[in-house]
Amino acid sequence: MLSASDLEAIWLTIRVATTVTIILLLIGTPIAWWLARTHSRLKGPISAIVALPLVLPPTVLGFYLLIAMGPNGFIGQLTQELGLGTLPFTFWGLIVASVFYSLPFVVQPIQNAIEAIGERPLEVAATLRANSWDRFFTIVLPLAKPGFITAAILGFTHTVGEFGVVLMIGGNIPGQTRVISVQIYDHVEALEYDQAHKLAAIMIIFSFLVLLSLYSFQRKNTLWGAK
């Protein structure tokens, strides 16, 4: 049986991953739209910045986020002026760090889906006097739906599996920042291998089922598109 602290870590992880996924879809969609549609010279640099978490060690990103959100960092000074205090070692600190770390896993699938639509459907809609919002909700969103679903799945699962960034920003506070990956680390550090095995097995099964569902969805969508 899982202990109370294990269940608490699982529930906290679900809360973090769900919140991060919603935020990423809200901020990642306009970024993906701009990257897919723009011909600006800034597209390359912005794309590189969005993709940085893919190649940066999590501890590097976590270190600079810790400085930025600390008392002397620009984010920390802003949050203090707003009366929110500092974000490190809090639930919302985990959210901010996870949004930065999982950003490319949401932006890139949506960007690819929008680019696959092409210009023609949007141009036809424009000739019918459809404004930007109409074109997005009636053309882009339905046609790019597989990309949005893929982005949501990848964003959620990547957040669930985070360790380095959440440990740097959140530390190890039960009920507030101790997510499932940190809980496994604690069990191993305490030589509690049985408990670590249980949580690790849950993570393996969860990851396998998510990937299986994602690949099955992509295969069905490909077959549907071929018809």
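What you see is a predicted model, and the numbers here were worked out from it, not measured in a lab.

### Some words on the overall build of the protein
Of the regular secondary structure elements, the protein holds eleven helices and zero strands. For the protein, the α and β elements follow one another from N to C terminus as α-α-α-α-α-α-α-α-α-α-α. Projected onto the principal axes, the alpha-carbon positions of the protein cover approximately 65 × 45 × 30 Å. Counting all 227 residues of the protein, 39% fall into the buried class. Taking the contacts inside the protein whose residues are at least 6 apart along the sequence as the reference set, 70% of them involve residues at least 24 apart. Total accessible area on the protein stands at roughly 13000 Å², and carbon and sulfur atoms take up 68% of it.

### Digging into the UniProt feature "domain: ABC transmembrane type-1" (unreviewed entry) in the protein
Following the UniProt record, one finds the feature "domain: ABC transmembrane type-1" (unreviewed entry) at residues 10–216. Across residues 10–216 one finds 80% helix and 0% strand; the C-alpha atoms that close the span lie 26 Å apart.

### Description of the environment of I184
With respect to the helices and strands, I184 occurs in helix α10 (residues 180–189). With 61 residues separating them in the primary sequence, I184 and E123 have C-alpha atoms 52 Å apart.

### Description of the pattern of salt bridges
As enumerated under the stated definition, the model contains three salt bridges in all. Two residues, E115 and K43, come together in a salt bridge whose shortest N-O distance is 3.7 Å. One end of the pair, E115, is in helix α5 (residues 91–117); the other, K43, is in helix α2 (residues 43–55), and 72 residues separate them in sequence. Assessed through its relative accessible area of 35%, E115 is described here as partly exposed. Given a relative accessible area of 25%, K43 falls into the partly exposed group.

### Topic: empty space enclosed by the protein
Counted according to the given criterion, the structure contains one cavity of 30 Å³ or more. A volume near 40 Å³ is recorded for the largest cavity. Along its surface, the largest cavity is lined by T13, V16, A17, T159, V160, E162, V166 and V179. Elements supplying a minimum of two residues to the lining of the largest cavity: α1 (4–37) and α8 (145–160). The dominant element in the lining of the largest cavity, judged by the number of residues it contributes, is α1, at three residues. Across the lining of the largest cavity, the residue classes tally to five nonpolar, two polar and one charged.

Rules used in this analysis
Residues numbered from 1 in each chain as written. Predicted model: local features only at pLDDT ≥ 70, side-chain atom pairs only at ≥ 80, totals over all residues. Heavy atoms only, no water. Helix = DSSP H or I, 4+ residues; strand = E, 2+ residues; numbered from the N terminus. Buried < 20%, exposed > 50% of the residue type's maximum accessible area, 1.4 Å probe, protein only. Contact = heavy atoms within 4.5 Å. Areas by Shrake-Rupley, 256 points an atom, 1.4 Å probe, with all protein chains shown as cover. UniProt positions renumbered as here; feature names shortened; annotations may be inferred. Salt bridge = Lys/Arg side-chain N within 4 Å of Asp/Glu carboxyl O. 1 Å grid on protein atoms, 1.4 Å probe; cavity = no way out; pocket = protein on both sides within 12 Å on 5 of 7 lines; lining within 4 Å. Points joined across faces, edges and corners; volume = space filled by probe spheres on them. Nonpolar A, V, L, I, M, F, W, Y, C, P; charged D, E, K, R; others polar.

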